[in-house]
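Chains, contacts and geometry: an overview
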Amino acid sequence: MANLDSTTTASAGTAVTAEERRQRVKKSLGARHRKERLFHGLGITAVVLALGFVAILFYDVLQRGLPAFQQAQVTVDVYFDPEVIDLGERPVQSPGQSPADYSAQLNGWLRAAALLNWNRLLETSIRTIVPEFEGDARDIAAIIDSSQRFVIRDAFTSDPSLLGQTREFSLLASADADNWLKGTIDRSLPDARQQLSADARALADDLLERGEIRFAFASHLFTNVDSRSAPASAGLAGAFMGSLYMMLIVIVLAVPIGVASAVYLEEFAPKNRLTDVIEITINNLAAVPSIVFGLLGAAVFINYFRLPLSAPLVGGLVLTLMTLPTIIIATRSSLRAVAPSLRQAALGLGASRTQMVFHHVLPITYPGILTAAIIGVAQALGETAPLLLIGMNAFVANIPSSPMDQASALPVQIYLWQGNENRNFFEARTSAAIIVLLGLMLSLNAIAIFLRSRLEKRK
Amino acid sequence: MASGMNFPHAELTPNAEQATDHGAAELAQRSVRVRASDVSVFYGAKQALFDVSVDIPDRAVTAFIGPSGCGKSTFLRCINRMNDTIEGARVGGKIELDGEDIYDPSLDVVELRARVGMVFQKPNPFPKSIFENVAYGPRIHGLIRTKAEAEEVVVSSLRKAGLFNEVKDRLHEPGTGLSGGQQQRLCIARAIAVGPEVILMDEPCSALDPIATAIIEELIDELRENYTIIIVTHSMQQAARVSQKTAFFHLGNLVEEGPTDKIFTNPEDKRTQDYITGRFG
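Residues numbered from 1 in each chain as written. Chains lettered and ligands numbered in written order. Predicted model: local features only at pLDDT ≥ 70, side-chain atom pairs only at ≥ 80, totals over all residues. Heavy atoms only, no water.

With 18 residues of chain A at the contact, the number on the chain B side is 22 residues. Taking both sides of the interface into account, the surface hidden between chain A and chain B amounts to around 1,700 Å²; carbon and sulfur atoms contribute 62%. A per-residue breakdown of the area chain A buries against chain B is headed by Q344, L349 and H360 of chain A, which together make up 33% of the total. Here chain A is connected to chain B by zero salt bridges. At the junction of chain A and chain B, the tally comes to five residue pairs in polar contact (both at pLDDT 80 or more). At the level of secondary structure, the elements contributing two or more residues to the side of chain A that touches chain B comprise α14 (340-348) and α15 (353-381) of chain A. With seven residues, α14 of chain A is the largest single contributor of residues to the side of chain A that touches chain B. (Contact = heavy atoms within 4.5 Å. Buried area = accessible area lost by both parts, 1.4 Å probe. Salt bridge = Lys/Arg side-chain N within 4 Å of Asp/Glu carboxyl O. Polar contact = N/O pair within 3.5 Å; in protein donor to acceptor, adjacent residues only side chain to side chain. Helix = DSSP H or I, 4+ residues; strand = E, 2+ residues; numbered from the N terminus.)

Here we take up the sheet that holds strand β3 (residues 213-217) of chain A. Residue and element names in this part refer to chain A. With antiparallel pairing, three strands are arranged side by side in an open sheet as β2-β1-β3. Taken across any chain shown, the strands that pair with only one partner, and hence form the sheet edges, are β2 (166-172) and β3. Direction aside, neighbouring strands of the sheet carry axes that sit 40° apart on average. Of the strands in this sheet, β1 (70-79) and β2 touch helix α4 (residues 118-129), which is tilted by about 95° from β1. (Pairing = 2+ DSSP bridges. Axes fitted to C-alpha atoms, helices over the stretch in contact; angles between N-to-C directions.)

All names here are of chain B. At R59, a position not held by glycine, the phi torsion is positive, near 40°. Mapped onto the elements, R59 comes out in the loop between β2 (46-57) and β3 (61-65). With a phi close to 45°, E203 is a non-glycine residue in the positive phi region. Of note, E203 is situated in the loop between β7 (198-202) and α10 (210-223).

Here the focus is the packing of helix α9 (residues 180-193) of chain B against α10 of chain B. Residue and element names in this part refer to chain B. Two elements in contact, α9 and α10, have axes whose closest approach is 9 Å; the angle formed by their N-to-C orientations is 20°. Relative to α10, the element α9 is oriented roughly parallel. Crossing of α9 over α10 shows right-handed handedness. Each of G181, Q184, R185, I188 and I192 in α9 lies in contact with α10, whose residues at this interface are A212, I215, I216, L219 and L223. (Parallel < 35°, antiparallel > 145°, perpendicular 65-115°, else oblique. Left-handed = near helix turned anticlockwise from the far one by under 90°.)

It is worth stressing that arrangement in space is one thing and function is another; only the former is reported here.
Dropping the structure here:
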């Protein structure tokens, strides 16, 4: 040690004096501080820029999407006019009648009910509210969403005693009326370029003024399925369920398979050429564009295994394949981060390799594995491209009751609405769907963070 | 600090000196527990240990000393086959525990490690409660079945490791919350709980302060009543204080071995003399 000291002093001492040396250090110090400030500044700029873009994104989406959660709704008193509802009694099953006979009779009755002119009832109601309105029936039909006559019909068929009575309904205004009232269409445009006729526009304004049209929370956005004929009633329920099924499939398949593969590769597999190849392959798979997984799904699951088109089952399988590399890589790196001393402690006590892994290594990597799983699932939840190739961009007007039914998915629904021709109305809808998707992802992440902090506390 | 000094084995200190004084005579009476013959270790193509042959006496402390990288830890890790866990490590020669070849393919390494316990350089308790740390070994080896048995083993092991009085009120708190010296005694308790015949200690005090070191050394001296202990140490004073037999390693060779008094007072090899007088290392 002493020897070392004397050599350094000697070599430095021969070249420069102590004073000069201090000067040189001071000079280099300035440059070092400048570099540090520069780096500091760059870092802050990057963070501010990133946050700024996120803020712009959120502002834009919220500002566009929030109005869609409020929708124009018309309150009307509907008189179930016996003159219009020219129907016999609702059939009841008579004693001795076979169920098939009865259901044929009932279907006949329901078919007859479907053919009635329910819009007449609505027209009469509106004309009662605005007696001075002189436009024709089409103008009235134009401001009420076309799906709403079925609301009236269904109310009657389920309760035929309504005949001759009056009941209050809160009905959705049509997308065109909603646009006009919200001002999402330029009010100064000439008649030819307006979606509603002059009479219909005047009627909508009139009803709004009278308080018969109100803006209320659009709960049907969450309870209805997509609709093309009645855009005002289009909702996300079908896409939401489709996404939910796919997420469940990804969680059930990708997480256990991914974690098991990672544990095997990291803890048990011999290190040889084969495992090297597997490792490289997994890393490469993580970088494969997601649309390629869609092609694979179409070729294998649909073409070969003959699974149904547009089914969340196929979507879930494709997303599982896409998510596996992410989960495997992240789990392996968290396993690799476990201190070797912990492994040695377990092995030194005579624990077998399996006991070491399952009693000691895995428990402390749970937070890491959980993060890996959430990143993977969130990625899968937001994926659109592969779903387009397995037919999930089809228009589906049902809530899927099982993963084998046809369904859409939230990101695909966003894509479909984005391309809808009724831009004025669907621009807000698209952003509303984005808000729902983002909300879902944020809550997923919140759950993960909560679970992770609980797991970490337990240590 | 007061509680650290007030450990229960203070009265053992004179015994330790006595033991060292009569080390040579005592050693002669001891049977051989572990016998190594021509042990060589390779890490890949590099040979780390060259033909080491040494006998480890029963119920005594044997110290391995030598400069860094001399192969003493490598040799220690051969005795419970911890080298098996290192990729590319190969062991040649023969190590017998009670006359049984521990590298025999029919021998189960898990059973071997139940018989040969190990304490590591850095205290490495499991991130679990103190109780669980000690009960884990007996549990995986099927030594305890009921909760009462577990409690008995945990208490007696903690007592033997001189830790019980310090932790009896917080057995269910995490073992990682203890001080470094307490953690190392917990690791010793954990090793004892399995009931090993041999305990390997790989520089057990190098991460501890002098007071914690003194407590561990007392403990080692007490433990040799019942266990065969092999300790790797960088501190020659420690080797002189706690061991009855010393082996000096240099550049992967066993240079000299013998009763501790002899190695420290009258070494035969020039390299041993240079090392213990501080001329290198």
